[in-house]
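Results of the structural survey
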Amino acid sequence: MMGVGAVKQDIKVMILTGFAGLVAGACSMAIGEFVSVHSQLDIELAQMKRDKQRGCNNNEGKQENGGHEEEEEKESLPNPLQAAAASAIAFSVGAMVPLLAASFIRNYKVRLGAVVGSVSLALLVFGWLGAVLGKAPAVRSSARVLVGGLMAMAITFGLTKLIGSSDL
């Protein structure tokens, strides 16, 4: 949205681009998460298979609880579909923030300010929430997420302004 906002003042174009970015980003995040978690699952299953083979060779007569333990291990493995869905939903929720902020403001400069302000607040909240859930330092984590997001918006805005202001 910031890239389009750098060269187009039309609210409809900005909202349409924001929605397209939401869909594309959610799909990209979901697919990336699915591939990553599925790779992790494959590695863990292969390791479990190797461990089981080693255990069978070393303890051929000691397999009383093996089936129950194996079921518990498989239940604790990551689920690629759940990870993909969670990633798509999280991205979509985050992407709704600038869409909602921009949707009701006609004035171009105020709209850009609302997008930057709402996204900054959301970045702080998401950074804080991630820190709390991960038991990390909240201020440092929030600041890192905020600075990274502001840098991304500034770079997108600046490059688009520089490269394409006359082409759109």
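Up top is the structure these notes are about.
This report concerns the structure included in the present document. Owing to the predicted nature of the structure, the values given are computational and were not obtained by experimental measurement.

1. Topic: the overall build of the protein
Each helix and strand counted, the protein has six helices and zero strands in total. Helices and strands in the protein line up, N terminus first, as α-α-α-α-α-α. The C-alpha radius of gyration computed for the protein amounts to 23 Å, which surpasses the reference 15 Å derived for 168 residues by more than 25%, pointing to a less compact arrangement than a globule. Summarising its shape, the C-alpha atoms of the protein cover approximately 75 × 35 × 25 Å along the three principal directions. The 168 residues of the protein split such that 27% are buried. Partitioning the contacts of the protein with sequence separation of at least 6, the portion at a separation of at least 24 is 71%. When the 15 basic and 14 acidic side-chain charges of the protein are each reduced to a single mean position, those positions are 19 Å apart.

2. Here we look at a negative patch on the surface
A contiguous patch of negative charge, built from Glu71, Glu72, Glu73 and Glu75, is present on the exposed surface. Along the chain, Glu75 turns up in helix 3 (residues 66-75).

3. Considerations on a nonpolar patch on the surface
On the surface, a cluster of nonpolar side chains totalling about 880 Å² of accessible area is made up of Ile89, Val93, Leu121, Val125, Phe126, Trp128, Leu129, Val132 and Leu133. Contributing elements (two or more residues each) for the nonpolar patch: helix 4 (80-103) and helix 5 (108-134). Within the secondary structure layout, Val125 lies in helix 5. On the basis of relative accessible area, Val125 is assigned to the partly exposed category, the value being 42%.

4. Concerning the packing of helix 4 against helix 5
Running from amino to carboxyl end, helix 4 crosses helix 5 at an angle of 150°, the nearest separation of the two axes being 8 Å. In terms of orientation, helix 4 and helix 5 fall into the roughly antiparallel class. Remark: the crossing between helix 4 and helix 5 carries right-handed chirality. Residues Val93, Gly94, Val97, Pro98, Ala101 and Ala102 of helix 4 lie in contact with helix 5, whose contacting residues are Arg111, Ala114, Val115, Ser118, Val119, Ala122 and Phe126.

5. Notes on the pattern of salt bridges
Taken as a whole, this structure holds one salt bridge when the rule is applied. For the salt bridge of Arg54 with Asp51, the shortest nitrogen-to-oxygen distance reads 3.3 Å. Of this pair, Arg54 and Asp51 both sit in helix 2 (residues 11-58), three residues apart, which is roughly one turn of the helix. A residue is classified by how much of its surface remains accessible, and Arg54, at 47% relative accessible area, is partly exposed. Overall, the relative accessible area of 38% leaves Asp51 in the partly exposed class.

6. Observations regarding the environment of Lys12
Looking at the secondary structure, you find Lys12 in helix 2. Along the backbone, Lys12 and Ile155 are 143 residues apart, and their C-alpha atoms lie at a distance of 23 Å.

7. With respect to unusual backbone geometry
Notably, Lys135 is not glycine yet its phi reads approximately 55°, a positive angle. Tracing the chain through its elements places Lys135 in the loop between helix 5 and helix 6 (138-164).

8. Description of the environment of Val4
Among the structural elements, Val4 can be located in helix 1 (residues 2-7). C-alpha separation for the pair Val4 and Ile155, spaced 151 residues apart in sequence, amounts to 13 Å.

9. Quick word on helix 5
Under the 1.5 Å per step criterion, the end-to-end length of helix 5 is 38 Å for 27 residues, consistent within 8% with the ideal 39 Å. Every buried residue of helix 5 is listed here: Tyr108, Arg111, Leu112, Val115, Ser118, Val119, Ser120, Ala122, Leu123, Gly127 and Ala131. Against helix 1, helix 2, helix 4 and helix 6 lie the buried residues of helix 5. At the exit of helix 5 stands Lys135, carrying a positive phi of roughly 55°.

Rules and cut-offs
- Residues numbered from 1 in each chain as written.
- Predicted model: local features only at pLDDT ≥ 70, side-chain atom pairs only at ≥ 80, totals over all residues.
- Heavy atoms only, no water.
- Helix = DSSP H or I, 4+ residues; strand = E, 2+ residues; numbered from the N terminus.
- Rg over C-alpha atoms; globule rule 2.2 N^0.38 Å.
- Buried < 20%, exposed > 50% of the residue type's maximum accessible area, 1.4 Å probe, protein only.
- Contact = heavy atoms within 4.5 Å.
- Lys, Arg positive; Asp, Glu negative; His and termini not counted.
- Charge placed at Lys NZ, Arg CZ, Asp CG, Glu CD.
- Patch = residues over 30% accessible without salt bridge, like charges linked within 9 Å, V, L, I, M, F, W, Y side chains within 5 Å.
- Areas by Shrake-Rupley, 256 points an atom, 1.4 Å probe, with all protein chains shown as cover.
- Salt bridge = Lys/Arg side-chain N within 4 Å of Asp/Glu carboxyl O.
- Axes fitted to C-alpha atoms, helices over the stretch in contact; angles between N-to-C directions.
- Parallel < 35°, antiparallel > 145°, perpendicular 65-115°, else oblique.
- Left-handed = near helix turned anticlockwise from the far one by under 90°.
- Expected span 1.5 Å × (residues − 1).

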